[in-house]
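# Report on the structure
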Amino acid sequence: MTTAPWRDPALPAAARVDDLLARMTLEEKAAQLYGVWVGAATDGDGVAPLQHEMTADHDWDELITHGLGQLTRPFGTAPVDPALGARALARAQHRIREAGRFGIPALAHEECLAGFTAWRATAYPVPLAWGAAFDPDLVEEMARRIGHDLRSVGVHQGLAPVLDVVRDPRWGRVEETIGEDPYLVGTIGSAYVRGLESAGVVATLKHFAGYASSAGARNLAPVRAGVREFADVTLPPFELALREGGARSVMAAYTETDGVPASADPALLTGLLRDEWGFTGTVVADYFGIGFLESLHRVAGTPAEAAHLALAAGIDVELPTVRCYGRPLLEAVRAGEVPEELIDVSARRVLLQKCELGLLDEDWTPEPAGGPGPVDLDSPANRALARRLAEESVVLLDNPDGVLPLAPDARIAVVGPRAADALAMLGCYSFPSHVLPHHPGVPAGIDIPTVLDALRAELPDAKVTFTEGCDTSGPDTSGFEEAVARTAEADVCVAVLGDRAGLFGRGTSGEGCDVSDLRLPGVQGALLDALVATGVPVVLVLLTGRPYALGRWHGRLGAAVQAFFPGEEGGPAVAGVLSGRVSPSGRLPVSVPHLPGGQPWTYLQPPLGLAGEVSNLDPTPLYPFGHGRSYTTFAWEGPTGGPQDGTENGPQDGVEIGTDGSYDVSVTVRNTGDRSGAEVVQLYLHDPVASVTRPDVRLIGYRRLELAPGEARRVTFRFHADLSAFTDRSGRRTVEPGALELRLAASSADVRHTARLTLTGPARVLGPDRRLRCDAEVSPAL
């Protein structure tokens, strides 16, 4: 028996795919360009925008006759036992292979934003918590575990990470982002990509590009970002994750920028992504995004026109199910309205990816690697990792009087709607929050300790009482009286407030849950006022998906702790910080505002965006980007710096380097307290004079240091002039000569040491090979 060339694993993938494409009919090629969401509901509330309007019933047996590109969320649509789901997916793959002439299986994809979005799978902290941890290595380890869990049940592609940079904290999807700084988003996001890809899972970057800059913080609203904001804030995380992470897929954003929807923008999806950046993977549509070109954007009059626009722009795969890339596209091709070459180009990319994954190999099997036995998607190792990341992400905002840690025998009144609710730990893309609301009565499938339960376990000798006080978002204040009474009887009150994650208005945070201002939801602010008025020290614990304005209580709280949906082990992590078992080490990935209005604002502001005499509104945050306190103390000693030629000098000295030069700046950090802790050393760039206005400061490097009492370590940042580049008036990314300041800081507003440089020589225009990262090395203290 002779094996066809496309089946021969000894041949290069490109040659195999070219041979296969030449054998395929138009219908067979087009079938590789769409997915099918077999379990999607066609009525009622859904888990994607306008799902009930955009989903149509399909004849499965007829559909798979020509093959199938993707299977959409076989585990993430309804609660299914992981082992049964793996076997069902394998059966579906067998049917797909048997139905088509070539026996090509579908590529199965799932959401994996904060863990595999499947029943009984580990619910890790949300991406905003990853940003708070400032620990790329830990995020990479988490993603690797997520990837292994996906592959163990037959899933090939994960729809993560989200690389949108927060521009307005009122946006509902802030919880899905890593933060408000592109360098933090890019480095943490790249780590996630490396982890997922190392497990053999295709990582999908989203949402490309500009989604988080929607006007008025409204989901899917038009984007009105300027050219330089788009180039210098929105795009760098994607570039970093492609170049350093190795992501093999990109998802087009729903939004439009300056009147052009991303899903119909060839300059973005082909000119920039492929021609300039060299991306060779697949571009997939966000769910129903191609159909939205007709129904929402109104740049297409028919599904066929929408398909043509999307294909020509560079979208290879229609997700989550076939609508435009099926019959409407085929009819348009036969009518001569759409060139068949467009289908060939995208089909080739899809088949190359399947070839890389082994799906074209004759011996490929869809059977689960572990056999027919039980599947554990929430292993003890997973939970331990979820606990560690949750602990690192908890931010101690303030502790002015040392109320924390709590005394082990204290009388503690726990109050608040988030204290005894397990779902308070989870974001909207966790399975219990995302899918189970449509399946009442089905258990969460994983153990999720609450803050209340964890605190009682953490402090067994304490006398802990509890009352809810109010619910998360309603107007009822009838519980205030009991909450005040319990607080008055206690030594300290722990007020656990925050968000309820949901979708499309069914929560206070999450996709489609945008807010008009940054007041605490419902009457929680009034409850906090009543508790503070008792005179008993109040420790505020926030479990949220976004920052909320806290200036109203500044100076009135015993302590304030921020956790961003910290996952299934978040309750013990928060309780560990309250008890002192965990020394808090999280740092803010987003600024915490003073006032609830006057938004949007992030720390990346040029001079006119800062406080000044020209306006009575002061946007200065209460707690700045990068802020976080500890239970120990740190001294920053002996900063040094110099060109990368081995010489050193004091960082206050003016140093000249070329516009293509490098400079090392170092600082020694010592733990001067009596307990272990972690400091996050941050490096910011200040550009005093430039040809266009620049942010006053922006993050260009960071390193997390774990230090025992008395221990000291030296951090050296290797700055390259490329990191000072920005988009100039001509639209080119340029390094300009002139003065710069490198600021070693504990937050964007807490500068400890400054190194002054002067870049000399001609301006340099950078290409796609520019340096994107400031490496940091840790060594013993001198």
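Residues numbered from 1 in each chain as written. Predicted model: local features only at pLDDT ≥ 70, side-chain atom pairs only at ≥ 80, totals over all residues. Heavy atoms only, no water.

Before going further, it helps to spend a moment on the overall build of the chain. Helix and strand content of the chain: 21 helices and 27 strands. Taken over C-alpha atoms, the radius of gyration comes to 27 Å for the chain, in line with the 28 Å a tight globule of 782 residues would show. In terms of overall dimensions, the chain has C-alpha extents of about 80 × 70 × 50 Å along its principal axes. Within the span of the chain, comprising 782 residues, buried residues form 63% of the whole. Carbon and sulfur atoms form 50% of the exposed surface of the chain, whose accessible area is close to 27200 Å². Between the mean site of the 68 positive side-chain charges and the mean site of the 101 negative ones, the chain shows a separation of 1 Å. (Helix = DSSP H or I, 4+ residues; strand = E, 2+ residues; numbered from the N terminus. Rg over C-alpha atoms; globule rule 2.2 N^0.38 Å. Buried < 20%, exposed > 50% of the residue type's maximum accessible area, 1.4 Å probe, protein only. Areas by Shrake-Rupley, 256 points an atom, 1.4 Å probe, with all protein chains shown as cover. Lys, Arg positive; Asp, Glu negative; His and termini not counted. Charge placed at Lys NZ, Arg CZ, Asp CG, Glu CD.)

Turning to the pattern of salt bridges, a few remarks are in order. Where charged atoms of side chains with opposite charge meet at close range, the side chains can pair. A full pass over the atoms with the stated rule returns 52 salt bridges. Salt-bridge contacts for Glu141 lead to Arg388; the nearest nitrogen and oxygen are separated by 4.0 Å. Note that Glu141 is positioned in helix α7 (residues 136-152) and Arg388 in helix α16 (residues 380-393), a separation of 247 residues in sequence. Taking the relative accessible area as the measure of exposure, Glu141 reaches 30% and is therefore partly exposed. Between Glu244 and Arg773 there is a salt bridge whose closest N-O contact spans 2.7 Å. Note that Glu244 is positioned in helix α10 (residues 236-245) and Arg773 in the loop between β26 (764-765) and β27 (775-780), a separation of 529 residues in sequence. (Salt bridge = Lys/Arg side-chain N within 4 Å of Asp/Glu carboxyl O.)

Of the pockets and cavities examined, the largest pocket occupies roughly 840 Å³. Surrounding the largest pocket, 41 residues form its lining, Arg228, Glu229, Asp232, Val233 and Leu604 being those nearest its centre. Counting only elements with at least two residues in the lining of the largest pocket, the list comes to α8 (182-198), α9 (227-234), α10 and β20 (698-707). Residue classes in the lining of the largest pocket are distributed as 21 nonpolar, seven polar and 13 charged. Estimates place the volume of the second largest pocket at around 600 Å³. (1 Å grid on protein atoms, 1.4 Å probe; cavity = no way out; pocket = protein on both sides within 12 Å on 5 of 7 lines; lining within 4 Å. Points joined across faces, edges and corners; volume = space filled by probe spheres on them. Nonpolar A, V, L, I, M, F, W, Y, C, P; charged D, E, K, R; others polar.)

Now for the pairing of strand β19 (residues 677-686). Most of β19 sits inside the fold, with 10 of its 10 residues counted as buried. Every second residue of β19 is oriented toward a common face, with Gly677, Glu679, Val681, Leu683 and Leu685 on one face and Ala678, Val680, Gln682, Tyr684 and His686 on the other, all of them buried. Where β19 lies against β20, nine bridges are found, and the strand directions are antiparallel. Bridge pairing in β20 places Val680 opposite Arg704. (Pairing = 2+ DSSP bridges.)

Turning our attention to empty space enclosed by the protein. On inspection of all chains with the given rule, the structure shows seven cavities of 30 Å³ or more. Of the voids in this model, the second largest cavity is the one considered here, and its volume is about 60 Å³. Lining the second largest cavity are Met24, Glu28, Gln32, His66, Gly67, Gly100, Arg101, Phe102, Gly103 and Ile104. A class-by-class count of the residues in the lining of the second largest cavity yields three nonpolar, five polar and two charged.

Taken in spatial order, the seven strands line up as β1-β2-β3-β4-β5-β6-β9 in an open sheet, and their pairing is parallel. Taken across any chain shown, the strands that pair with only one partner, and hence form the sheet edges, are β1 (35-36) and β9 (282-285). As judged from the four bridges shared by strand β6 (residues 249-252) and β9, these two strands associate in the parallel manner. Bridge pairing in β9 places Ala252 opposite Ala285. Running at roughly 145° to strand β5 (residues 202-208), α8 makes contact with β4 (157-159) and β5 of the sheet. (Contact = heavy atoms within 4.5 Å. Axes fitted to C-alpha atoms, helices over the stretch in contact; angles between N-to-C directions.)

Further remarks concern α9. What α9 keeps buried is the set Phe230, Ala231, Asp232, Val233 and Thr234. For α9, the secondary structure elements touched by its buried residues are α8, α10, β7 (256-257), α11 (266-276), β22 (726-727) and β23 (733-735).

Tyr192, Phe208, Tyr325, Phe719 and Leu742 are the most contacted members of the largest nonpolar core, which totals 205 residues. Ranked by the residues each element gives to this core, the list is headed by α8, at seven residues. Counting 37 residues, the second-largest nonpolar core is a separate cluster that includes Leu404, Ile446, Val539 and Leu578. (Core = buried A, V, L, I, M, F, W, Y, C linked by side-chain atoms within 4.5 Å.)

Attention now goes to the sheet that holds β26. The three strands lie next to each other as β22-β23-β26, forming an open sheet whose pairing is antiparallel. Looking at which strands have only one partner, the edges of the open sheet turn out to be β22 and β26. Sheet topology places β22 next to β23; two bridges connect them, and they run antiparallel. Along β23, the bridge assignment pairs Phe726 with Thr734.

Interaxial distance between α7 and α16 falls to 11 Å at its minimum, and their mutual angle equals 150°. By the angle between their directions, the pair α7 and α16 is classed as roughly antiparallel. With respect to the hand of their crossing, α7 and α16 are arranged in left-handed fashion. On α16, the residues that touch Leu138, Glu141, Met142, Arg145 and Asp149 of α7 are Ala381, Asn382, Leu385, Arg388, Leu389 and Glu392. (Parallel < 35°, antiparallel > 145°, perpendicular 65-115°, else oblique. Left-handed = near helix turned anticlockwise from the far one by under 90°.)

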